[in-house]
Amino acid sequence: MGIRQESIDEVRGATKIEEIVEADVVLKPAGTDSLKGLCPFHEEKTPSFHVRPAMQRWYCFSCAEGGDVISYIMKKTGADFTETLETLADRAGITLEYDNTHKQQAPTGPRPQRLREANAAAAAWFTHCLKDRDDSQAKAARDFIVARRIPPATALEWGAGYAPNHPRATVDHLRGQGFTTEELVAAGLIAPNGRGGHRPAFRGRLTWAIRDATGQVIGFGARRLDDVSDWGPKFLNTVETPLYHKGRALFGIHLARKPAHDTKTVYVVEGYTDVVAAHLAGITTTVAACGTALTEEHLTTLHRTVGTDGLIALCLDGDEAGHKASRTAFELTQKVGHTRVNIVSLPAGQDPNDILVAQGPQALATAMTTNQTPITAYVLDAVITAGPAGHPEASDEDRIAARDQIIPILNRIADPTLRESYAHKVAARLNLPPQALATAMTTNQTPITPTERPQRHPQDSATTSGTIEREIITALIHDEATASWATSQMGLTPQVFATSTGRALMSSIITAMGATPTTPWPARLESATDHEHHAALNACLCDPTPRAGTDLSEAIRWLMGEASARSVTTAPITTPQDLNTLAQHRKNAVDAGAL
């Protein structure tokens, strides 16, 4: 069964594309009904990604990708059309209607919206248990929060809760809220117990609600409240679900994202209480990975949040595990192409929440904002100081051994100027001839370069910004009434356009005007346009400055005069009368402003 077109149109009409995109991209006003930001699909320094809320369209003028809200989610998540539409329908509370025109079956399994509702219900239940239960472990959870110098009200604002140490309490409560076993399993809230029944995913634990960038609960992080129970590891997170992906989720991103964008700075810590502690210290741009090391997806999200010239500051332990994590983060930063990454050196053996407990919020703010080292320098120093090459009595063999360890790191630096600068510093520190180090680097060269910026698809002049044809087509695509006026009153036809793209889009406009008017104008245009010209269509839909009024009339007259002159100059001249006719047409074209 296929989804009926009426349902597709209803979902499109009920979804605001800017709200969907803002979960990934920080958008800023860029003219009337136009927003722009850094493209989420390629690395760039200058924003070229535009969203037109009124048109419900997005387009990147750099990589020439664009479409509506459905195509955006499909490209972002890899989901197919039906999955994407079902997700948006759930989000909007719309029941999709299916027909029998296709063999595709109606969806099975829990709807994404039900999973979001189940997580929200679980968060409310855990919060209630933390506040109101009288058992010893609920009290232990409350005592833990107080001991970490987190005010109870603040903890609740951050989604703190308590998962009861009972085999049935959470399961029965959520089922009582109307959720099915299938929905609760899919949301990662319960799991099979091996005896034909189900157990709670979290039991006898302090929980923290993990939210996406829009503030919706997508999963939980949990900490065991004792060291003797057998209910799994000390720290536990929601399993992978359709909503929760630990390699992508960032605890605190819903609160940190806007201030991080505004200040061009984001801090990354290791624990949930560390995030809360940092915010209590006034560093409201702090987030944490959720039960995993930083991933490329995490860094890509942070890169787009703070911008290419923004700062990502990583608070890592100063032990061996911290050095290993810094090396991994260094590798990822080179792949992502973000050069402004610092390591925050906290006092040995202390994390941000430890500092808050021992010394207070001001001391934590000072510790996090000072003693920062660029990640490349930090990683290189860690290699040198870890071995004998860091000691004054180091032998030549020690220094050569350190050189061999460092060369792969130097060659991973994507920026050539930065690579050369650090090579000189390393040579000086190891007391090596700079040219000898440079030669060794060339011999062992395996540099990483950031993901290449996609090139624009070859396009003819109809889609080149500033051309008359592009401006006319853009004006007609923006407004159906203007398109009707141009064809009926001005006599504009596809043949007037000199470029193949102009002719194709003008034909699409005429076809769309004859389609069922109940379908939105942009959707009719998209249906009437062949795949080859979709990029040009979306570019015009997202252009924030279409011509209008007298200016548009003059442009159309200019184009028609140019077409008239073009048609005559290509005709054969065999008689004196042909020459006179050509001269007259050229005069008419000049009068019209075409020549």
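Residues numbered from 1 in each chain as written. Predicted model: local features only at pLDDT ≥ 70, side-chain atom pairs only at ≥ 80, totals over all residues. Heavy atoms only, no water.

Describing the overall build of the protein chain
Here is step 1: Of regular secondary structure, the protein chain possesses 26 helices and 19 strands.
Here is step 2: Just so you have it, the protein chain exposes about 27600 Å², and 53% of that area is on carbon and sulfur atoms. (Helix = DSSP H or I, 4+ residues; strand = E, 2+ residues; numbered from the N terminus. Areas by Shrake-Rupley, 256 points an atom, 1.4 Å probe, with all protein chains shown as cover.)

A short note on the sheet that holds strand S12 (residues 217-224)
Here is step 1: Strands sit in the order S8-S11-S12-S13 across an open sheet of four strands; the sheet is antiparallel. Every other strand in the sheet has two partners, leaving strand S8 (160-163) and strand S13 (235-237) as the edge strands with one partner each. If you compare each strand with its neighbour and ignore which way they point, the axes differ by 30° on average.
Here is step 2: Relative to strand S11 (residues 205-211), S8 runs antiparallel, the two sharing four bridges. Bridge assignment links Tyr 162 to a residue of S11, and that residue is Leu 206. (Pairing = 2+ DSSP bridges. Axes fitted to C-alpha atoms, helices over the stretch in contact; angles between N-to-C directions.)

With respect to the pattern of salt bridges
Should their charged atoms come close, side chains of opposite charge can pair.
Here is step 1: Here the structure, examined in full by the defined rule, presents 23 salt bridges.
Here is step 2: Glu 65 is the salt-bridge partner of Lys 75, the closest N and O atoms lying 3.9 Å from each other. Highlighted residues: Lys 75 in helix H3 (residues 69-77) and Glu 65 in strand S6 (residues 65-67), separated in sequence by 10 residues.
Here is step 3: On the basis of relative accessible area, Lys 75 is assigned to the partly exposed category, the value being 38%.
Here is step 4: Take Glu 65: its relative accessible area is 28%, and that puts it in the partly exposed class.
Here is step 5: Look at the salt bridges and you will find they share partners, linking Arg 12, Arg 57, Asp 68 and Glu 526 into a network. (Salt bridge = Lys/Arg side-chain N within 4 Å of Asp/Glu carboxyl O. Buried < 20%, exposed > 50% of the residue type's maximum accessible area, 1.4 Å probe, protein only.)

Examining the packing of helix H5 (residues 112-132) against helix H8 (residues 169-176)
Here is step 1: It is the contact of H5 with H8, at a shortest axis distance of 10 Å, that shows an interaxial angle of 125°. By the angle between their axes, H5 is oblique relative to H8. As H5 runs across H8, the sense of the crossing is right-handed. On H8, the residues that touch Ala 118, Ala 121, Ala 122, Trp 125 and Phe 126 of H5 are Ala 169, Thr 170, His 173 and Leu 174.
Here is step 2: For the contact of H5 with H8, the class distribution of residues is seven nonpolar, two polar and no charged. (Parallel < 35°, antiparallel > 145°, perpendicular 65-115°, else oblique. Left-handed = near helix turned anticlockwise from the far one by under 90°. Contact = heavy atoms within 4.5 Å. Nonpolar A, V, L, I, M, F, W, Y, C, P; charged D, E, K, R; others polar.)

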